[in-house]
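# Architecture at a glance
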There are 2 protein chains.
Amino acid sequence: MELYSDEYFMNEALKQAQIAFEEGEIPVGAVIVSKNRIIAKAYNQTERLNDVTAHAEMIAITSAANSLGGKYLNDCRLYVTLEPCTMCGGALFWSQIGEVFFAAADPKRGFRQSNPNILHPKTKIHEGILAAQAEELIHRFFEKLRK
Amino acid sequence: MELYSDEYFMNEALKQAQIAFEEGEIPVGAVIVSKNRIIAKAYNQTERLNDVTAHAEMIAITSAANSLGGKYLNDCRLYVTLEPCTMCGGALFWSQIGEVFFAAADPKRGFRQSNPNILHPKTKIHEGILAAQAEELIHRFFEKLRK
């Protein structure tokens, strides 16, 4: 079995963010990986679903639990293009997810602004993979909005 | 139009918690009120839906936005039988909900343990209505679990 890199999976999350961008949503995408396989893909759908809870990570957590048939994600890794917010950080805590990789930091609404210890103490956090690409997409989105 | 009291609405939230209890879920219930009318009722369904995000408040927020046709809940009041967790606190922040009433405090997993300022600065918070009843239900649930 080919072992995919963290960059590969983050690029898959970026593809999800690109779909959000094209649909007029704040472009954030996520994938959840179990045993080197993507078990959930999602992008932000707060506008389409008219629902503040429909962040990419929330949809991905629900979908991954569904795929696994169990609600805990200890053996899973989340790749998300933007630092999770407090809500998503709280959901990740409950999921006991094994690892979280995020691309761009969110100095305004990222969970670390509320409390850097929101995630489960066993969850490993990694920051910065493909951050430039994720930031560029978000920047482009808000530039387009302003026009 | 008869004006219902906060106790009336919290009692409706307790009825939702009772349904959760009967279904073997941690007994937490919530209602969301707009213009003196209940527009969403929900109870914790994390076991049934196999989903850590399926807290009463999350389901109620999604349902209320659906009912209103808009994702912001500025003119709404949430009544919930237990202090919201960090995830739900984060969701309530995004919803910009007008007021939050919770019955029992949750000194272990309540949002105030992460950061007491997680909710939106405009959201008014009220604590303690029917707290004894809400606590008794949760206490009874965990006693039953231990048996």
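What you see is a predicted model; the values in this text were computed from it and never measured.

## Remarks on the UniProt feature "active site" (unreviewed entry) in chain A
Residues and elements named next belong to chain A. The UniProt entry lists E57 under the feature "active site" (unreviewed entry), expressed in the numbering used here. Turning to its location among the elements, E57 is positioned in helix α2 (residues 56-68). Classification of E57 as buried rests on a relative accessible area of 4%. Ignoring any residue separated from it by four or fewer positions in sequence, one finds E57 in contact with A30, L78, V80, L82, P84, C85 and C88.

## Quick notes on the pairing of strand β3 (residues 76-82) of chain A
All names here are of chain A. Across the seven residues that make up β3, a large majority, six, are buried. One ladder, built from five bridges, connects strand β1 (residues 29-34) with β3; its direction is antiparallel. Paired with A30 across the bridge in β3 is V80.

## Re the UniProt feature "binding site: Zn(2+)" (unreviewed entry) in chain A
Per the UniProt entry, the sites bearing "binding site: Zn(2+)" (unreviewed entry) are H55, C85 and C88 of chain A in this numbering. Spatially, the listed residues are clustered: although they cover 34 residues, their C-alpha atoms lie within 9.2 Å of one another. Topologically, H55 of chain A is positioned in the loop between β2 (37-43) and α2. Other than its neighbours up to four places away in sequence, H55 of chain A contacts N44, T46, C85, M87 and C88 of chain A together with W94 of chain B. Along the polypeptide, C85 of chain A turns up in the loop between β3 and α3 (86-95). Once residues lying within four places of it in the same chain are set aside, the contact partners of C85 of chain A are H55, E57, R109, G110 and F111 of chain A together with W94 of chain B.

## Description of the environment of T123 of chain A
Residue and element names in this part refer to chain A. Mapped onto the elements, T123 comes out in the loop between α4 (111-114) and β5 (124-127). Between the C-alpha atom of T123 and that of S95, which follows or precedes it by 28 residues, the distance is 9.9 Å. Once residues lying within four places of it in the same chain are set aside, the contact partners of T123 are Q96, I97, G98, E99 and V100. Within polar-contact distance, the side chain of T123 engages the backbone oxygen of I97 at 2.6 Å.

## A short note on unusual backbone geometry
Residues and elements named next belong to chain A. In this model, L130 sits at a positive phi of 55°, which is unusual for a non-glycine residue. With respect to the helices, strands and loops of the structure, L130 is situated in the loop between β5 and α5 (131-146). In this structure L130 comes out as buried when scored by relative accessible area, which is 14%.

## Quick look at the interface of chain B and chain A
The partner chain A presents 28 residues to the 28 residues of chain B that form the contact. Together, the buried faces of chain B and chain A total about 2200 Å²; carbon and sulfur atoms form 64% of this surface. Linking chain B with chain A are two salt bridges, by the criterion used here. Note that E47 of chain A is salt-bridged to K71 of chain B, the shortest N-O span being 2.8 Å. Taken together, chain B and chain A are joined by ten residue pairs in polar contact (both at pLDDT 80 or more). Contributions of two or more residues to the side of chain B that touches chain A are made by α2 (56-68), α3 (86-95) and α4 (111-114) of chain B. In terms of residue count, the dominant contributor to the side of chain B that touches chain A is α3 of chain B (seven residues). Residue composition of the side of chain B that touches chain A, grouped by class: eleven nonpolar, 13 polar and four charged.

What counts, and at which threshold
Residues numbered from 1 in each chain as written. Chains lettered and ligands numbered in written order. Predicted model: local features only at pLDDT ≥ 70, side-chain atom pairs only at ≥ 80, totals over all residues. Heavy atoms only, no water. UniProt positions renumbered as here; feature names shortened; annotations may be inferred. Helix = DSSP H or I, 4+ residues; strand = E, 2+ residues; numbered from the N terminus. Buried < 20%, exposed > 50% of the residue type's maximum accessible area, 1.4 Å probe, protein only. Contact = heavy atoms within 4.5 Å. Pairing = 2+ DSSP bridges. Polar contact = N/O pair within 3.5 Å; in protein donor to acceptor, adjacent residues only side chain to side chain. Buried area = accessible area lost by both parts, 1.4 Å probe. Salt bridge = Lys/Arg side-chain N within 4 Å of Asp/Glu carboxyl O. Nonpolar A, V, L, I, M, F, W, Y, C, P; charged D, E, K, R; others polar.

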